[in-house]
Amino acid sequence: MDKVLITGGRKLQGEVEISGAKNSALPIIASTILSVDECVLSNVPLLKDIQTIKKLLECMGARIKREGDTLDVNTKDLKSCEAPYELVKTMRASVLVLGPLVARFGEARVSLPGGCAIGTRPINLHIAGLQKMGAEVEIKHGYVEVRAKRLKGAKIYFDISTVTGTENLMMAAVIADGVTVLGNVACEPEVVDLANFLTKRGARIRGAGTDTIIIEGVARLSGGSYEVMPDRIEAGTYLACGAITGGDVTVKRCIPAHLEAVLATLRAAGLKTEVTSDSIRVIADNGITAVDVRTMPYPGFPTDMQAQIMAVMTIGRGLSVITETIFENRFIHVPELRRMGANIKLQGNYAIVEGVQNLPGAPVMATDLRASASLVVAGLVAEGKTEIHRIYHLDRGYERMEEKLSQLGAEIVRVK
Ligand code: EPU
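A. Spotlight on the overall build of the chain. For the chain, the helix and strand inventory stands at 14 helices and 24 strands. What you see for the chain is a C-alpha radius of gyration of 21 Å, in line with the 22 Å of a compact globule of 416 residues. Oriented by its inertia axes, the alpha-carbon framework of the chain measures out at about 65 × 45 × 40 Å. The buried share of the chain, taken over its 416 residues, is 56%. Sequence separation of 24 or more characterises 72% of the internal contacts of the chain that already satisfy a separation of 6 or more. Summing over all exposed atoms, the chain offers an accessible surface of approximately 16300 Å²; the carbon and sulfur share of this is 50%. Side chains of the chain carry 49 positive and 47 negative charges; the gap between the two charge centres is 3 Å.

Spelled out as structure tokens, the structure:
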């Protein structure tokens, strides 16, 4: 299995271009199921998770061509409405085909995603929403089976704000009969990106980006072309890499407005930032001051950046309390960061990080994408060599990470 070797201690310097957003591209690709016309998607990152959803649609009968960062997707001849266990178990986001399949074909059979490394992550709210829209749902042999002659508009209120739950029901509602009102929805930029693509294809959606989305069902959706927005978490991760190494890093082709909470945290930690319409520069010439961080749904501090900011805080001056409010088990990076010399205590959903002078490099591994990213962040500043195992997690969410970091001056190689 591949591993990544980092020799820490280099100050990262220079510019790095941000790729398309994984968590936008996934629902956008799933939404191509909603019409028979072709969709042409650009700025689609080359990632393992994107290959998985591509494979999932292909095994249902879709024809997909990739050229560079562009995907041509044609779902006209889809013949199966099933998402099999073999694919869903490798990527939970496969559940995003549920809404579009029921909306277009009146049926879907999708393997129930189990828990994963970061939490139990049920899909009860996706299912309850579809039931409110008139679907019959059965859980059989580990699969959720949904049937509805035609989905009907409904008023649906989410007890918890859920990103893929909002996306699934928004996709289900665009070609349902009548009006659907989704309350207490996720406001994440990825939800807005999906809504923009659906609107471009003829959907009638209002309120995406606020806590209530109103969808007027239309008879059919057309195809269309669309450019996936930049990945805010990839951008935040490279800013963390610049910060921890005392460097000067500019992330280009990003949307700074999507990173307000991350930027506020970096500034509170004493880092200088310069923001233009599509770039962010972080200058870390005065060390890092410990700050407290609390993850929250957007526009709060993203849970997908919690592990990386914790890595930065391991060498901060003082004590930082990091609170995880979204997932119940998203501290799997903590034991690994401790193996690198970090001083972190866990109490329920709090991590208390006391900054240390330096981190010694060590062999480490993690069982989740962002946890693995935090080990890269820590490895960049650690003394000597850090060996990161199970890097297939990184390949799920970071495009050409070693190449981009090398370009910034990091000493990092992938070993087969
Ligand atoms: N939840 C329920 N019931 C549901 C759905 C969610 O109880 O039916 C709970 C979850 O267990 C969790 C909370 O609601 O405690 C929020 O989870 P959410 O549904 O928003 O997460 P998700 O949609 O499964 C997406 C991202 C994650 C990201 C979260 C939170 C995609 C494909 N995934 O997951 O991204 O952490 O939102 O922002 O969009 C990653 O990229 O590394 C990643 C894990």
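B. Region of the structure containing the pattern of salt bridges. Per the counting criterion, the structure on display carries 27 salt bridges. Between Asp77 and Arg63 there is a salt bridge, and its shortest N-O distance comes to 3.7 Å. Of this pair, Asp77 sits in the loop between β5 (70–74) and β6 (82–83) while Arg63 sits in strand β4 (residues 63–67), placing them 14 residues apart in sequence. The class for Asp77 is partly exposed, based on a relative accessible area of 41%. Asp285 is the partner of Lys272 in a salt bridge, and the nearest nitrogen-oxygen pair spans 2.7 Å. Remark: Asp285 occurs in the loop between β17 (279–283) and β18 (293–294) and Lys272 occurs in strand β16 (residues 272–275); sequence separation between them is 13 residues. With a relative accessible area of 45%, Lys272 lands in the partly exposed category.

C. Structural detail: the site of the ligand. The full set close to the ligand counts 21 residues, and Asn124, Thr162, Thr164, Asp304 and Ile326 are the nearest of them. Separating an oxygen atom of the ligand from a backbone N or O atom of Leu125 is a distance of 2.7 Å. One of the side-chain N or O atoms of Arg370 is found 2.8 Å from an oxygen atom in the ligand. Protein burial of the ligand: of its 830 Å² of free accessible surface, 89% is covered by the chains. If you list the elements that add at least two residues to the shell around the ligand, you get α1 (22–30), α5 (124–132), α6 (163–174) and α12 (369–379).

D. Highlighting unusual backbone geometry. Put simply, Tyr298 and Pro299 share a cis peptide bond, and its omega is 10°. Looking at the element boundaries, Pro299 is found in the loop between β18 and α10 (306–313). Phi is positive for Arg253, close to 60°, though the residue is something other than glycine. Looking at the secondary structure, you find Arg253 in the loop between β15 (248–252) and α9 (260–268). At Arg390, a residue that is not glycine, the phi angle is positive and equals roughly 55°. Among the structural elements, Arg390 can be located in the loop between β23 (385–389) and α13 (392–397).

E. Examining the nonpolar core more closely. Membership of the largest hydrophobic core comes to 76 residues, with the highest contact counts inside it found for Leu41, Val97, Leu151, Met170 and Leu198. Sort the elements by how many residues they give to this core and α6 lands first, with six residues. Those residues in contact with Leu198, other than ones at most four positions away along the chain, are Ser31, Leu34, Met170, Met171, Val174, Ala203, Ile205 and Leu221. Counting 68 residues, the second largest nonpolar core, distinct from the first, contains Ala240, Cys254, Phe301 and Leu369.

Reading the values: the criteria
- Residues numbered from 1 in each chain as written.
- Predicted model: local features only at pLDDT ≥ 70, side-chain atom pairs only at ≥ 80, totals over all residues.
- Heavy atoms only, no water.
- Helix = DSSP H or I, 4+ residues; strand = E, 2+ residues; numbered from the N terminus.
- Rg over C-alpha atoms; globule rule 2.2 N^0.38 Å.
- Buried < 20%, exposed > 50% of the residue type's maximum accessible area, 1.4 Å probe, protein only.
- Contact = heavy atoms within 4.5 Å.
- Areas by Shrake-Rupley, 256 points an atom, 1.4 Å probe, with all protein chains shown as cover.
- Lys, Arg positive; Asp, Glu negative; His and termini not counted.
- Charge placed at Lys NZ, Arg CZ, Asp CG, Glu CD.
- Salt bridge = Lys/Arg side-chain N within 4 Å of Asp/Glu carboxyl O.
- Near = heavy atom within 4 Å.
- Polar contact = N/O pair within 3.5 Å; in protein donor to acceptor, adjacent residues only side chain to side chain.
- Core = buried A, V, L, I, M, F, W, Y, C linked by side-chain atoms within 4.5 Å.

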